[in-house]
Amino acid sequence: MTTTVRFEDCLNRVDRAEKEREEIIRLTEDYPEFTVEDGYEVQEQLIARRIQEGNKITGYKLGLTSKPKQEMMGVHEPSYGVLLDYMHLEEGEPVRFSELIHPKAEPEIAFYLNEDLEGPSVTGVDVLAATKYVFPAIEIIDSRYKDFKFTLPDVVADNSSSARYILGGRPCKVSDVDLSLMGMVMTKNGEIETTGAGAAVLGHPATAIAWFVNKLHERGEKLRKGQVILSGAITGAVTIKPGDVVQANFEKLGSVTVRCVE
Ligand code: 0L1
Ligand code: MG
């Protein structure tokens, strides 16, 4: 990125797209030189704007954690985004399509931290030791790009498509479950849509979070006690429409359900 004007332009585009529910074209179409680092810079400024507007950070999400999705996008590492208070839905609250563009649902395992976690050299074991509970979760992603088409720098600037998230009501101690072998079945309106296991997330969801903590350290940041981390989708995203009811059922962890309305 060469000039502030271009940077501001990128920031304004992703900012407005979320607020106005307006699809935009990829930033890299107009700015082919836009890098992943530029993407994180825009994301950081976007979150700073949201905080100025009165919102609070509640945690983070990892994206692009499965090998098939990385291969599909030609990237070799996951992305991350920031979760804000307005994105959190209690189980029972609906996903409102009138607030979003073209949302999709992903089954994920959420971590609730008991301690701060700071890189460098954090391992999956450190992540498990710092985790109080894990929850079954559904992430609602909503890329602001037309037809969900983007490159890694684009999606990073768009806060990794973060839109909404829902945690299941039953927390589970991390020591009581094997998150790698844990099976998951996602249904839509009672029909099976996708199946998978925790190992789909970089071999183990805690490994994905360790990668993230070390990445955050490079930007001078850390995870804080009480934050929620969505560790990444176990399967591909499920398409949804108003009227649909989506449920993610996890072995031992229980389930989480969300209803979609206009
Ligand atoms: O949470 C995710 O894995 C999605 C990250 C961004 C990519 C997408 O919108 O599909
Ligand atoms: Mg996700």
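Procedures and definitions
Residues numbered from 1 in each chain as written. Chains lettered and ligands numbered in written order. Predicted model: local features only at pLDDT ≥ 70, side-chain atom pairs only at ≥ 80, totals over all residues. Heavy atoms only, no water. 1 Å grid on protein atoms, 1.4 Å probe; cavity = no way out; pocket = protein on both sides within 12 Å on 5 of 7 lines; lining within 4 Å. Points joined across faces, edges and corners; volume = space filled by probe spheres on them. Helix = DSSP H or I, 4+ residues; strand = E, 2+ residues; numbered from the N terminus. Donors = N, O, S within 2.8 Å, 3.2 Å for Na, K, Ca; no water. Buried < 20%, exposed > 50% of the residue type's maximum accessible area, 1.4 Å probe, protein only. Phe/Tyr/Trp six-rings, centres within 6.5 Å; stacked < 30°, edge-to-face > 60°. Lys, Arg positive; Asp, Glu negative; His and termini not counted. Salt bridge = Lys/Arg side-chain N within 4 Å of Asp/Glu carboxyl O. Polar contact = N/O pair within 3.5 Å; in protein donor to acceptor, adjacent residues only side chain to side chain. Expected span 1.5 Å × (residues − 1). Contact = heavy atoms within 4.5 Å.

Time to look at the layout of surface pockets. The calculated volume of the largest pocket comes to roughly 500 Å³. Taken together, 29 residues form the lining of the largest pocket, with L64, K69, M72, E106 and I141 sitting closest to its centre. When contributions to the lining of the largest pocket are tallied by element, the ones reaching two or more residues are β1 (57-63), α4 (67-73), β5 (104-113), β6 (131-141) and β11 (228-233). No other element matches α4, which puts four residues into the lining of the largest pocket. If you add up the space inside the second largest pocket, you get close to 290 Å³. If you go around the second largest pocket, you meet 15 residues; those closest to its centre are E44, I57, Y60, V82 and E221.

Let us now look at the coordination of the magnesium ion (ligand 2). Every protein donor of the magnesium ion (ligand 2) is accounted for by E106 (OE), E108 (OE) and E139 (OE), and the metal-donor separations fall at 2.0 Å. Each donor residue of the magnesium ion (ligand 2) belongs to the same chain, and together they define the spacing E-x1-E-x30-E. The exposure class of E106 is buried, given its relative accessible area of 5%. Given a relative accessible area of 0%, E108 falls into the buried group.

Evaluation of the coordinates by the stated rule reveals five aromatic pairs. An angle of 75° between the planes, with centres 6.5 Å apart, marks the rings of Y133 and F135 as edge-to-face. Classification of Y133 by relative accessible area gives partly exposed; the value is 28%. An aromatic cluster of at least three residues, connected via ring pairs, comprises Y40, Y60, Y80 and F212.

Time to look at the side chain of D38. Within the secondary structure layout, D38 lies in helix α3 (residues 36-52). Lacking a salt bridge, the buried D38 has R219 as its closest oppositely charged neighbour, with an N-O distance of 8.9 Å. One polar contact links the side chain of D38 to the main-chain amide nitrogen of T35, over a distance of 2.9 Å.

Evaluated as defined, the whole model comprises 23 salt bridges. We note a salt bridge from E44 to R219, for which the minimum N-O separation is 2.8 Å. Here R219 lies in the loop between α7 (205-218) and β11 and E44 lies in helix α3, a separation of 175 residues in the sequence. Across the pair K69 and E106 runs a salt bridge, and its minimum N-O distance is 3.6 Å. Within this pair, whereas K69 is found in helix α4, its partner E106 is found in strand β5, the two being separated by 37 residues in sequence. The structure contains a network of salt bridges with shared partners spanning E8, D15, E18, K19, R49, R50 and E53.

Here α7 is 14 residues long and its end C-alpha atoms lie 21 Å apart, about the 20 Å a rise of 1.5 Å per residue gives. Buried residues along α7 sit in contact with β1, β2 (79-84), β5, α5 (124-129) and β11. Count one or two residues on from α7 and you reach G220, which has phi positive near 75°.

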